[in-house]
Amino acid sequence: MSEALESYSEIGRVAIDPKGMSGPRKLYVKSFGCQMNVYDSHRMADTLAPEGFVETGAPEEADLVILNTCHIREKAAEKVYSELGRIRKLKEEAAREGRKVLVAVAGCVAQAEGQEILRRAPAVDLVVGPQNYHRLPGLLARATREPVVDTEFPVEDKFDFLKSPSREKTRARGVSAFVTVQEGCDKFCTFCVVPYTRGAEVSRPVTKIVAEVQRLADAGVREVTLIGQNVNAYHGEGPDGRPWTLGRLLHHVAEVEGIARLRYTTSHPRDMDESLIAAHRDLACLMPYLHLPLQSGSDRILAAMNRRHTRADYLRLIERMRAARADLALSSDFIVGFPCETEDDFRDTLDVVEEVGYAGAFSFKYSPRPGTPAANMEQVPEEVKGERLQRLQAAIDRHQVAFNAACQGKIFDVLFEKPGKYQGQLVGRSPYLQPVQAMAPPALIGEVVPVKVTEISANSLFGTLVAQTSSIHASANYDAMPASAVAGA
Ligand code: SAM
Ligand code: SF4
């Protein structure tokens, strides 16, 4: 029997506690890193649900702990080992009470370090790479007997075996969901581990993606973000048997009834093709917020990074995007202190930040990753990296504050996601992913509603529902809220 189909039933579907009481086995999954890991964590939990596992948010009561790890920067990878130290203590504590806890390490650290994890953290029972989550039931059964490492790239497609969540579970996860459409990367940027940990680019077929989006919509999901390590390199098989672009896929997904909003991330500037630009022009449900990482504003550094585009290419692309969608806002990723980066190179990055005026951006100090070409290049001293990062973040923050300030008085469609901090308040997202808080009834969770922005704080917008729902607004107790609450203090 293949491991994908093997069951975990060998260790039973129920947990017996020291007092002899039985109950379902409890699973604690902790995700590190990107949205791909959040999605994978859900799929792992879904695949283990038929094996009798229910999720818990409390690691101390778990029978199975899965750490879904990130290897993109050294700090992210090291966090896993400190977390494993804490988990080891919980495992020992449980053993004293006569309870066996299994510990699994999944994700990119698992893929990159494999056996080494067992050496550094003997409390770990299973190391499983991102392509093998469908084998979890069988792997866990084996891991009850001996430590197991599975970091192969299998021939079968894990998506054919991963289980889907129930309707209730899907709805409980919220009205906005991720759907993986593409995995892996063939670009080999010289700083990046992804091509090694996630493997070659693979795209899921259009019909399977649409079926997943349909299932989400049927359960009440209103917003879907299509995700991939290099999502706009998407080239999955269409219903006509030919490879489809991401632009074409977006058009198709937009037709799924119930889906009000679409997003996608993360894109590479080289893969923004005509069909994707046209999708931004033609699809009102495709949100006008694009994450388009530049990494550096210096052509010399972009070449050393193997990004295969120049700063001018990037700026021209943004012009075309803005011509297609005038209300488009942008975010980006930047790396400072890439090997050989000079002060002049760094200033080129600051220049682009000023020129583009990002609504937000992520910035990181370059972190040498074992096995990647840049790790062997001439390194920039840590203190120089630190100082540049501060300057870059200050520039990014300034633009973010200006972008948010310009939202004052505007009316945005807001997708309400959940209750807010104060009674009678809901929190949703603007088209630009800003959290928006407004007094509104719970019935509006899952609805896209126009909201006028009345206040702005560092991280949130505050607003009131506008005309079409004036009766709802009248019943909301906005005026009763303390001014400090309105200001998001
Ligand atoms: N595929 C996306 C692209 O081409 O821009 C990036 C995906 S990567 C998982 C997310 C971000 O992590 C990158 O955009 C980059 O800024 C950052 N990153 C990747 N490797 C890094 C490294 N070695 N040191 C610092 N930051 C890194
Ligand atoms: Fe990494 Fe993105 Fe470059 Fe691929 S395109 S190697 S995921 S940074």
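Anything mentioned here points back to the structure above.
Since we're looking at a predicted model, the values are computed, not measured. (Residues numbered from 1 in each chain as written. Chains lettered and ligands numbered in written order. Predicted model: local features only at pLDDT ≥ 70, side-chain atom pairs only at ≥ 80, totals over all residues. Heavy atoms only, no water.)

Asker: So what's going on with the overall build of the protein chain? Residues and values would help.
Answerer: Each helix and strand counted, the protein chain has 16 helices and 20 strands in total. A globule of 489 residues ought to have a C-alpha radius of gyration of about 23 Å, and the protein chain, at 24 Å, matches this closely. Taken over the C-alpha atoms alone, the protein chain extends approximately 60 × 60 × 50 Å along its principal axes. Out of the 489 residues in the protein chain, the part that is buried amounts to 54%. At a minimum sequence separation of 6, the contacts of the protein chain that also span at least 24 residues come to 70%. In the form shown here, the protein chain has an accessible surface area of approximately 21,000 Å², with 52% of it arising from carbon and sulfur atoms. Within the protein chain, the 64 negative side-chain charges are centred at a point lying 2 Å from the centre of the 59 positive side-chain charges. (Helix = DSSP H or I, 4+ residues; strand = E, 2+ residues; numbered from the N terminus. Rg over C-alpha atoms; globule rule 2.2 N^0.38 Å. Buried < 20%, exposed > 50% of the residue type's maximum accessible area, 1.4 Å probe, protein only. Contact = heavy atoms within 4.5 Å. Areas by Shrake-Rupley, 256 points an atom, 1.4 Å probe, with all protein chains shown as cover. Lys, Arg positive; Asp, Glu negative; His and termini not counted. Charge placed at Lys NZ, Arg CZ, Asp CG, Glu CD.)

Asker: Describe the site of ligand 2, listing the residues and the values that go with them.
Answerer: The environment of ligand 2 is formed by Cys185, Lys187, Phe188, Cys189, Phe191, Cys192, Val194, Pro195, His268 and Arg307. Residues belonging to the shell around ligand 2 are distributed by class as follows: 7 nonpolar, 1 polar and 2 charged. (Near = heavy atom within 4 Å. Nonpolar A, V, L, I, M, F, W, Y, C, P; charged D, E, K, R; others polar.)

Asker: Tell me about the site of ligand 1, and name the residues and values.
Answerer: Within the structure, ligand 1 sits among 16 residues, and Gln229, Gln295, Arg307, Asp333 and Ser367 are positioned closest to it. Between a nitrogen atom of ligand 1 and a main-chain N or O atom of serine 367, the distance comes to 2.8 Å. For ligand 1, whose free accessible area comes to 570 Å², the fraction covered by protein is 90%. At the level of secondary structure, the elements contributing two or more residues to the shell around ligand 1 comprise strand 14 (329-336) and strand 15 (360-365). (Polar contact = N/O pair within 3.5 Å; in protein donor to acceptor, adjacent residues only side chain to side chain.)

Asker: Explain the side chain of arginine 388 to me, using residue names and the numbers behind them.
Answerer: Counting through the fold element by element, arginine 388 comes out in helix 14 (residues 382-405). A distance of 2.9 Å separates the side chain of arginine 388 from the side chain of glutamate 341, its partner in a polar contact. Beyond its immediate sequence surroundings of up to four residues, arginine 388 is in contact with Val336, Glu341, Thr342, Glu343, Phe346 and Val380.

Asker: Describe unusual backbone geometry, naming the residues involved and giving the relevant values.
Answerer: Cis rather than trans, the peptide bond between threonine 265 and threonine 266 has omega equal to 0 degrees. Structurally, threonine 266 is set in the loop between strand 12 (261-265) and helix 10 (274-282). With a phi angle near 55 degrees, phenylalanine 188 is a residue other than glycine that sits in the positive phi range. Even without being glycine, glutamine 295 reaches a positive phi, approximately 75 degrees.

Asker: Report on the nonpolar core, specifying residues and quantitative values.
Answerer: Counting 55 residues, the largest nonpolar core has Leu250 and Tyr264 as its most contacted members. Ignoring sequence-local partners within four residues, the contact set of tyrosine 264 consists of Thr225, Leu226, Val231, Leu246, Leu250, Met272, Leu276, His280, Leu286 and Leu290. Ranked by size, the runner-up nonpolar core spans 24 residues in total, among them Phe53, Ala106, Ala143 and Ile227. (Core = buried A, V, L, I, M, F, W, Y, C linked by side-chain atoms within 4.5 Å.)

Asker: Could you give an account of the packing of helix 9 (residues 246-254) against helix 10, naming the residues involved and the relevant values?
Answerer: At a minimum axis separation of 7 Å, helix 9 and helix 10 run at an interaxial angle of 30 degrees. For the pair formed by helix 9 and helix 10, the contact residues are Leu246, Gly247, Arg248, Leu250 and His251 on the first element and Ser275, Leu276, Ala279 and Asp282 on the second. Across the contact of helix 9 with helix 10, the residue classes break down as 4 nonpolar, 3 polar and 2 charged. (Axes fitted to C-alpha atoms, helices over the stretch in contact; angles between N-to-C directions.)

Asker: Talk me through the sheet that holds strand 11 (residues 223-227); I want residue IDs and the actual numbers.
Answerer: Pairing in this open sheet of 3 strands is parallel, and the strands run 8-11-12 from one edge to the other. On the outer flanks of this sheet lie strand 8 (176-180) and strand 12, each paired with one strand and no other. Taking each pair of neighbouring strands and ignoring which way they run, the sheet shows an average axis angle of 25 degrees. Looking at chain direction, strand 8 and strand 11 are connected through 5 bridges and run parallel. Looking at the pairing, threonine 180 lines up with isoleucine 227 of strand 11. Across the sheet, helix 8 (residues 206-218) touches strand 8 and strand 11, and the angle it forms with strand 8 is around 165 degrees. Those strands touched by helix 9 are strand 11 and strand 12, and its axis lies near 155 degrees from that of strand 12. (Pairing = 2+ DSSP bridges.)

Asker: Which residues make up the pairing of strand 16 (residues 411-419), and what values go with them?
Answerer: Sheet topology places strand 16 next to strand 19 (residues 448-456); 5 bridges connect them, and they run antiparallel. Within strand 19, the position partnered with phenylalanine 412 by the bridge is valine 451. Judged from the 4 bridges that link them, strand 16 and strand 17 (residues 425-429) form a sheet pairing that is antiparallel. Paired with proline 419 across the strands is leucine 426, a residue of strand 17. Here strand 16 folds back onto strand 17 in antiparallel fashion, the turn holding 5 residues, of which glycine 424 has a positive phi close to 85 degrees.

Asker: Residue-level account of the sheet that holds strand 15, with values.
Answerer: Taken together, the 3 strands give an open sheet; going across it, the order is 13-14-15, and neighbouring strands pair in parallel fashion. Strand pairing shows two members of the sheet lacking a second neighbour, strand 13 (289-291) and strand 15, which therefore form its edges. Mean inter-strand twist for the sheet, computed between neighbouring axes without regard to direction, equals 15 degrees. Note: strand 14 against strand 15, 6 bridges, orientation parallel. Looking at strand 15, one finds that phenylalanine 334 is bridged to serine 363.

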